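# Descriptive analysis of the structure
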Amino acid sequence: MRKFILFILTSIFTISANAQSDPAPKPPLSDFVGRYVFPEGSVVPDVTVALSGEALTMTSAAGSSNLIELGRDTFTIVEFSGVATFKRGEDKKVNAVHIEAQGYVLDGQKQSGGAWSFTYYLRPNRELLVKK
């Protein structure tokens, strides 16, 4: 009987000690920021994930939505009742996204950074201006 009680106490102690261990650290939200391009013919051509304060937002031609973290690389797309799962490559960097929202399934690749973007404005007298 003493051995049985000792076994139970040891088991409880071991389980309690393991429950106190730190979970794996969460990746920084900046890992997910970028533009993800979908194959031609998709419902939307691309989505842009941006970091605003401590919250991620996803913007596309269909609209924008906040992202709420579900797991390590999985987020809820609030406005479109969907889920975005970010994929990592062998280098452990985010390089793709898988989205399931409103009956659509989209798989997009992260566009590499460093590209220039320009916005063109026409003055009332029709002169072309370039704004960086």
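In short, a report on the structure. (Residues numbered from 1 in each chain as written. Predicted model: local features only at pLDDT ≥ 70, side-chain atom pairs only at ≥ 80, totals over all residues. Heavy atoms only, no water.)

## Some thoughts on the packing of aromatic side chains
Test applied: Note on aromatic contacts: the rings of Phe and Tyr and the six-membered ring of Trp form a pair at centre separations within 6.5 Å, being stacked when their planes are under 30 degrees apart, edge-to-face when over 60 apart, and tilted otherwise. Secondary structure elements follow DSSP: runs of H or I of four or more residues count as helices, runs of E of two or more count as strands, with numbering from the N terminus. Think of it in three bands: with a 1.4 Å probe and only protein chains considered, a residue is buried below 20% of the maximum accessible area for its type, exposed above 50%, and partly exposed in between.
Enumeration over the complete set of coordinates arrives at 4 aromatic pairs. Taken together, a centroid distance of 5.7 Å and an interplanar angle of 85 degrees make the contact between F75 and F86 edge-to-face. Within this pair, whereas F75 is found in strand 5 (residues 74-77), its partner F86 is found in strand 6 (residues 82-88), the two being separated by 11 residues in sequence. F86 carries the same exposure label as F75, and that label is buried. Among the aromatic residues, ring-to-ring pairing joins F32, Y36, F75 and F86 into one connected group.

## Regarding the pairing of strand 7 (residues 94-101)
Quick note on the threshold: Paired strands are those between which DSSP finds at least two bridges.
Counting buried positions along strand 7 yields 6 of 8 residues, so the element is predominantly enclosed. Both strand 6 and strand 7 contribute to a ladder of 7 bridges, which runs antiparallel. Directly across from K87, in strand 7, lies its bridge partner A96. Between the end of strand 6 and the start of strand 7, which pair antiparallel, lie 5 residues, with K92 showing a positive phi angle near 70 degrees.

## Some details on the side chain of S60
Our working definition: For the purposes of these results, a polar contact is taken to be a pair of N or O atoms within 3.5 Å, where, inside protein, one atom must be able to donate a hydrogen and its partner to accept one; residues adjacent in sequence count only when each atom of the pair is a side-chain atom. Note on contacts: a residue pair is in contact if any heavy atoms of the two residues lie within 4.5 Å.
Within the element layout of this structure, S60 appears in strand 3 (residues 55-60). At a separation of 3.1 Å, a polar atom in the side chain of S60 contacts the main-chain amide nitrogen of A62. Not counting residues within four places of it along the chain, the set of residues in contact with S60 comprises V44, D46 and V47.

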